[in-house]
Amino acid sequence: MTTDHQDLPHAHLDRETQELLDPHHHRASVHLGDRLVVDPDQVLANVAMAMERLDLDISTPVSIEEDVATLEELVAMVDHFDKGPALIAHALNTAARVMNARYPAELVRHPLPPDCDLRRLFHADVDERSQNVARAVFNQRLAREADVRETEIAVDLDELSPEQRIEVFMAVFFLYGTKIGALQNRTGIR
């Protein structure tokens, strides 16, 4: 696992490697033999792009695996690079930025209720603890004006396993979609 693009062979690069090196392409990783090269900044860019796209068209199908980050990329971010707090903080701050730019502040700041259960709404495979952490950090971020820092999120994730941290990220993403849908219904934006 590496983020160092310097060690990539420059002669005769395959298509995937060329895409990874292209700053205008969304590819965030490539397999080089038994190594996975991941660009963490591109993973974060893909998160923001998918969240913005979802706001523009709530009916657009968005798959975390296909449109945001593969499971391997998420494992690299959370487990190998220890960027779980940064990933979740980025998703929370992007959600707040997108919603605050388009919807009334009083609606954006209104917290998601405790009965907003992704397992019931989407049959999401997320454990209760991960979902509760995701809902809590999501509501905390929407209640404040300033961006949340990854060090603040790290405290909330402290006792969670890498798998649970990935679940928290995915739950935040789905909570965002739920909130966007509610905001669009409430405001009549479609």
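The sections below set out a description of the structure shown in this document. Given the structure is predicted, the values throughout are model-derived calculations rather than measurements.

Here strand S1 (residues 29-32) pairs with strand S2 (residues 35-38) via 4 bridges, running antiparallel. Following the sheet pairing, Leu 32 is matched in S2 by Arg 35. The loop that links S1 with its antiparallel partner S2 comprises 2 residues; one of these, Gly 33, has a positive phi angle of about 65°.

A few words on the packing of aromatic side chains. Per the counting criterion, the structure on display carries 2 aromatic pairs. Consider the rings of Phe 122 and Phe 174, whose centres lie 5.9 Å apart with planes at 40°: the pair is tilted. In this pair, Phe 122 is assigned in helix H7 (residues 118-122) and Phe 174 in helix H10 (residues 162-187), connecting sequence segments 52 residues apart. The exposure class of Phe 174 is partly exposed, given its relative accessible area of 31%. Measuring from ring centre to ring centre gives 6.4 Å for Phe 173 and Phe 174, while their planes differ by 85°; the resulting arrangement is edge-to-face. Among the residues examined, Phe 173 registers a relative accessible area of 3% and is labelled buried.

Here we come to helix H8 (residues 128-142). Every α-helix carries 3.6 residues per turn, so stepping three or four residues along brings you back to the same face. Its 15 residues place the ends of H8 21 Å apart at the C-alpha level, agreeing with the 21 Å of an ideal helix rising 1.5 Å per residue. Residues Ser 130, Gln 131, Val 133, Ala 134, Arg 135, Val 137, Phe 138, Asn 139, Arg 141 and Leu 142 constitute the buried set of H8. The elements touched by buried residues of H8 are helix H5 (84-102), helix H6 (105-109), H7, helix H9 (150-157) and H10.

The rules we used
Residues numbered from 1 in each chain as written. Predicted model: local features only at pLDDT ≥ 70, side-chain atom pairs only at ≥ 80, totals over all residues. Heavy atoms only, no water. Pairing = 2+ DSSP bridges. Helix = DSSP H or I, 4+ residues; strand = E, 2+ residues; numbered from the N terminus. Phe/Tyr/Trp six-rings, centres within 6.5 Å; stacked < 30°, edge-to-face > 60°. Buried < 20%, exposed > 50% of the residue type's maximum accessible area, 1.4 Å probe, protein only. Expected span 1.5 Å × (residues − 1). Contact = heavy atoms within 4.5 Å.

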